[in-house]
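Structural overview
Letter by letter, the chains look like this.
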Amino acid sequence: MKKLLQRYFHLSDEGSVNMSRAIYWSAARNMIFILPMLLIALFLQDGLAYLRGDSFSIAKYLYLIPIILILRYVTERILYDRVYTTTYTETAKKRIALSKRLAELPLSFFSGRDLADLSRTILVDMERLEHCFSHAVPQFVGAIISSVIIFIMVVAFNYKMAIAIFWPVPLALLLIALFKSKKSRLDTKHHQDTIRVSNGMQELLDNVLPIRAYQRTKKSLSEFKSVLDAAECSQLRSEILNPIILAPILSLFRLGIVSILLVGFSEFASGSLNLVQLLNFIIVSVVVYEPLIGCTVFLLEFLYIGEPLRRNAELMSIETMTGEKKQPRNYDYEVRDARFAYSSEQETIRGVSFTAKQGEVTALVGPSGCGKSTLAKLMLRFYDLDSGEIRLGGERISDWDPEDLLKYSSVVFQDVILFNNSVRENIRIGKKDASDEEVERAAKLAQADEFIRKLPQGYNTMIGEAGSLLSGGERQRLSIARALLKDAPIIFLDESTASIDADSETKIQEAIAGLIADKTLILIAHRLRTVMNCDHIVVLDEGRVVEEGRPEELLAKNGAFKKLVDMQSMKRDSRL
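The structure reproduced in this document is the subject of the present report. (Residues numbered from 1 in each chain as written. Predicted model: local features only at pLDDT ≥ 70, side-chain atom pairs only at ≥ 80, totals over all residues. Heavy atoms only, no water.)

1. Description of the overall build of the protein chain
How we decide: Helix and strand assignments come from DSSP, with helices taken as H or I runs of at least 4 residues and strands as E runs of at least 2, each series counted from the N terminus. Taken over C-alpha atoms, the radius of gyration is set against a globule rule of 2.2 Å times the number of residues to the power 0.38. For each residue, the accessible area found with a 1.4 Å probe, counting protein chains only, is set against the maximum for its type, and the residue is called buried under 20%, exposed over 50%, and partly exposed in between. The contact criterion used is simple: two residues touch if any of their non-hydrogen atoms lie within 4.5 Å.
In terms of regular secondary structure, the protein chain is built from 21 helices and 10 strands. Here the protein chain has a C-alpha radius of gyration of 35 Å; the compact-globule value for 576 residues is 25 Å, and the former is much larger. Counting only C-alpha atoms and orienting by the principal axes, one finds that the protein chain spans roughly 120 × 50 × 50 Å. The proportion of buried residues among the 576 residues of the protein chain is 45%. A fraction of 74% describes how many contacts in the protein chain between residues 6 or more apart in sequence connect residues 24 or more apart.

Structure below.
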């Protein structure tokens with residue numbers, strides 16, 4: 001039982017043990033449920049005997065009734081704990097395990113995955129699994145086990161009555177098996193349409209300004225309505241199958257009661273059963289059918305959780321990025337014949353090799369789409385190379401634990417990620433135990449202190465989702481302050497001052513220059529005037545290194561770097 005539950009429902013060892021116990025206690029509860037009915041039958045038997053002149057004693061009922069009540073209470077109490085408390089603990093562990101797995105997955109997984117689908121898997125699917133594990137699985141499987149036990153007992157007494165009682169059960173299970181595949185397909189289609197609704201809603205909210213600016217409101221709403229209509233139709237097709245499955249099953253159990261009465265009275269008329277025995281069989285049928293009919297509604301959950309279980313298992317089976325904790329000898333980065341592709345169609349990084357030395361500023365430059373940001377993410381092990389290697393301090397980062405590797409780096413990417421929290425806490429992400437004074441010092445170095453103090457609550461101002469209450473330049477300053485606060489030995493700056501005015505940019509660069517002594521600084525820039533004081537420049541084009549060297553050397557070569565500088569100068573002059 002344990003291994004079967006573990007394999008089918010993807011439970012932990014402890015979870016499968018607890019689920020097994022819940023099933024057994026559910027079966028025991030069903031068996032104990034028969035005791036009050038048998039007590040009534042015993043009372044009728046004693047009553048009939050009393051009418052025939054036999055003696056009648058009520059004493060045994062006075063101690064049997066409390067015993068049955070105590071058994072019912074103890075069983076229900078233990079069953080509740082086994083079903084609900086342990087189930088909620090198991091699903092909590094599954095959520096934590098899933099969160100840990102997501103943290104260990106490479107970014108390539110997220111770049112190729114629909115985030116609405118992923119959110120639904122984490123939130124909605126886990127909620128449905130939790131409900132099924134607590135309200136359906138133990139009760140239904142327990143009902144099957146108790147029914148089998150009672151069936152064996154009845155067969156030993158009267159096989160005709162056993163058939164009359166139990167013939168609906170295998171037919172009900174057969175109906176479920178017949179409709180399972182159809183139900184699963186419809187539920188999968190409904191899930192996919194629901195994802196499209198979530199994506200459509202998110203797209204509308206994210207693009208309110210361009211939609212209204214280009215007078216596309218009616219068309220956008222019409223397109224979204226089509227998506228909603230498709231989701232509604234798929235849900236109706238899925239829901240309409242429910243009564244088609246449930247109605248025949250419930251009808252079978254009702255017909256089972258009729259067959260019990262017909263066969264029972266036939267046996268009674270032939271003398272094979274007496275009246276009390278007939279009543280006992282009728283009571284047994286109630287005990288068998290009651291939990292099965294009660295669980296019939298939950299049968300649909302067995303059919304519905306197939307897709308959530310599949311998606312959950314898929315996430316848990318994806319290969320994660322693992323490694324060891326290491327201590328680098330120094331903070332030199334060595335990139336050797338690195339190759340990487342987001343898809344099989346085209347390589348983004350094609351045999352790149354260069355060295356970024358500790359104590360120097362290394363700039364990655366080149367036209368848009370040449371692979372600068374991708375290369376930085378590879379150096380941080382957000383992705384793993386397809387071939388080649390990257391070393392930090394002589395250690396291959398592919399052998400390094402990703403979380404441990406990142407503790408040596410401060411990162412400022414062009415796309416700033418902020419949280420719906422205070423300004424102070426958004427900066428403090430760079431160093432969790434930083435004091436308020438350290439946070440404010442980093443903000444001053446990032447030229448952010450002045451605008452922060454003008455906010456309604458200063459450093460305690462809530463900045464909205466993704467920093468929506470701040471301008472692009474203000475968000476970038478906070479991101480730089482966060483990196484400066486961390487004070488890591490390696491700094492990655494990816495267009496970190498793209499949204500900042502020239503005066504502030506100069507001050508920020510001066511602040512950074514004062515902090516990078518003996519650090520490794522990787523600078524990614526489109527504005528080439530920001531790299532003229534770098535120690536080493538790597539020029540990329542179409543994923544390859546086409547030039548590298550000091551700025552003055554590259555300008556003297558009159559090659560790719562000189563052409564990029566001249567093109568930017570021409571554009572700047574044309575605007576003037």
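Next comes the rest of the description.
2. As for the sheet that holds strand S1 (residues 333–340)
Going by this rule: Paired strands, as defined in this entry, are two strands with at least two bridges between them according to DSSP. Axis angles are defined between N-to-C directions and span 0 to 180 degrees, where every axis is a line fitted to C-alpha atoms and, for a helix, only to the segment in contact.
In spatial order, the strands read S2-S1-S4-S5; together these four strands make up an open sheet with antiparallel pairing. Two strands lie at the open edges of the sheet, namely strand S2 (349–356) and strand S5 (395–396), each paired on one side alone. Bridging between strand S4 (residues 387–392) and S5 involves two bridges; their strand directions are antiparallel. Its bridge partner being in S5, Arg391 is matched across the sheet by Arg396. Taken strand by strand, helix H13 (residues 372–379) contacts S1, S2 and S4, and its axis lies near 65° from that of S2.

3. Describing the side chain of Gln139
Among the secondary structure elements, Gln139 is positioned in helix H6 (residues 137–157). Overall, Gln139 belongs to the buried group, its relative accessible area being 14%.

4. Quick notes on the pairing of S1
Relative to S2, S1 runs antiparallel, the two being bridged by six bridges. Bridge assignment links Phe340 to a residue of S2, and that residue is Ile349. Examined bridge by bridge, S1 and S4 share five bridges and lie antiparallel to one another. From the neighbouring strand, Tyr333 faces S4, where its bridge partner is Leu392.

5. Details of the pattern of salt bridges
The following threshold applies: When a carboxyl oxygen of Asp or Glu lies within 4 Å of a side-chain nitrogen of Lys or Arg, that pair is called a salt bridge.
For the structure shown, the criterion picks out 32 salt bridges. Between Glu552 and Arg550 there is a salt bridge, with its nearest N and O atoms 3.0 Å apart. On the accessibility criterion, Glu552 (45% relative accessible area) is partly exposed. Taking the shortest distance from any N to any O, the salt bridge between Lys562 and Asp566 comes out at 3.0 Å. Taken together, the residues Lys562 and Asp566, both in helix H21 (residues 560–575) and four residues apart, mark about one turn of the helix. In this structure Lys562 comes out as partly exposed when scored by relative accessible area, which is 23%. Residues participating in the shared-partner salt-bridge network are Arg424, Glu425, Arg428, Asp436, Glu440, Asp449 and Arg453.

6. A few points about the environment of Gln447
Here Gln447 lies in the loop between helix H16 (436–445) and helix H17 (449–453). With relative accessibility at 27%, the residue Gln447 sits in the partly exposed group. The spatial distance from the C-alpha of Gln447 to the C-alpha of Leu478 is 9.0 Å, given a sequence separation of 31 residues.

7. Quick notes on the layout of surface pockets
Which entries qualify depends on this criterion: For cavity detection a 1 Å grid was placed over the protein atoms alone, and a set of points counts as a cavity when a 1.4 Å probe fits there but cannot get out; an open set counts as a pocket when protein lies on both sides within 12 Å along at least five of seven lines, with lining residues being those that have an atom within 4 Å of a point. Grid points are joined across faces, edges and corners, and a volume is the space filled by probe spheres set on the points. The residue classification treats Ala, Val, Leu, Ile, Met, Phe, Trp, Tyr, Cys and Pro as nonpolar and Asp, Glu, Lys and Arg as charged. All others, Gly included, are polar.
Roughly 1,100 Å³ of internal volume is contained in the largest pocket. For the largest pocket, the lining is made up of 34 residues, of which Phe382, Leu406, Val411, Phe413 and Arg482 are closest to its centre. For the lining of the largest pocket, the secondary-structure elements that each account for two or more residues are helix H3 (59–104), helix H4 (107–111), H13, helix H14 (402–406), strand S6 (409–412) and helix H18 (472–486). For the lining of the largest pocket, a count of residues per class yields 19 nonpolar, six polar and nine charged.

8. Looking at the packing of H16 against H18
A pair of packed helices can be characterised by two numbers: the angle between their axes and the separation between those axes. The following threshold applies: In these notes the angle categories are as follows: under 35 degrees is roughly parallel, over 145 is roughly antiparallel, 65 to 115 is roughly perpendicular, and the rest is oblique. Each crossing is labelled by how the near helix is turned from the far one, with a counterclockwise turn of less than a right angle marking it left-handed and a clockwise turn marking it right-handed.
One way to put it is that H16 packs onto H18 with a least axis distance of 8 Å and a crossing angle of 125°. Viewed along their axes, H16 and H18 adopt a mutual orientation that is oblique. When the axes of H16 and H18 are compared, the crossing they make is right-handed. Contacts from Glu438, Val439, Ala442, Ala443 and Leu445 of H16 reach H18 at Ala481, Leu484 and Leu485.

9. Concerning the environment of Met19
By the secondary structure assignment, Met19 is in helix H2 (residues 13–51). Classification of Met19 by relative accessible area gives buried; the value is 5%. C-alpha of Met19 to C-alpha of Glu239: the two residues are 220 residues apart in sequence and 29 Å apart in space. Discounting chain neighbours no more than four positions away, the residues touching Met19 are Leu5, Leu11, Phe133, Val137 and Pro138.

10. Quick word on unusual backbone geometry
Even without a glycine there, the phi angle at Arg381 is positive, about 60°. By the secondary structure assignment, Arg381 is in the loop between H13 and S4. What makes Arg381 buried here is its relative accessible area of 5%. You will see that Glu542, though not glycine, has its phi angle at about 50°, which is positive. As for its position among the elements, Glu542 is in the loop between strand S9 (536–541) and strand S10 (544–549).

11. Section: the side chain of Arg101
For Arg101, the position within the fold is in helix H3. Excluding residues that lie within four positions of it along the chain, Arg101 makes contacts with Leu315, Met316, Ser317, Ile318 and Thr320.

12. Points about helix H12 (residues 306–317)
For the record, the criterion: To estimate the expected span of a helix, count its residues, drop one, and scale the result by 1.5 Å.
Between the first and last C-alpha of H12 there are 16 Å, a value that for 12 residues agrees with the 16 Å anticipated at 1.5 Å per step. Listing the buried residues of H12 in full gives Glu307, Pro308, Leu309, Arg311, Asn312 and Leu315.

13. Comments concerning the pairing of strand S8 (residues 520–524)
Within S8, five of the five residues are buried, which leaves the element mostly enclosed by the surrounding structure. Inspection of the sheet shows strand S3 (residues 361–365) paired to S8 by four bridges, in the parallel sense. Bridged to Ala363 within S8 is Leu523. Two elements, strand S7 (residues 490–494) and S8, share five bridges in a ladder whose sense is parallel. Residue pairing in the sheet places Ile490 in a bridge with Thr520 of S8.

14. Digging into H16
Quick reminder of the rule: Read the arc as the range of directions from the helix axis to the C-beta atoms.
When H16 is considered as a whole, its buried residues turn out to be Val439, Ala442 and Ala443. Angularly, the buried residues of H16 cover 100° about the axis, an arc narrow enough to put them on a single face. Opposite the buried face of H16, at more than 90 degrees from it, the exposed residues are Glu437 and Arg441. Downstream of H16 by one or two residues, Gln447 has phi in the positive range, about 60°.

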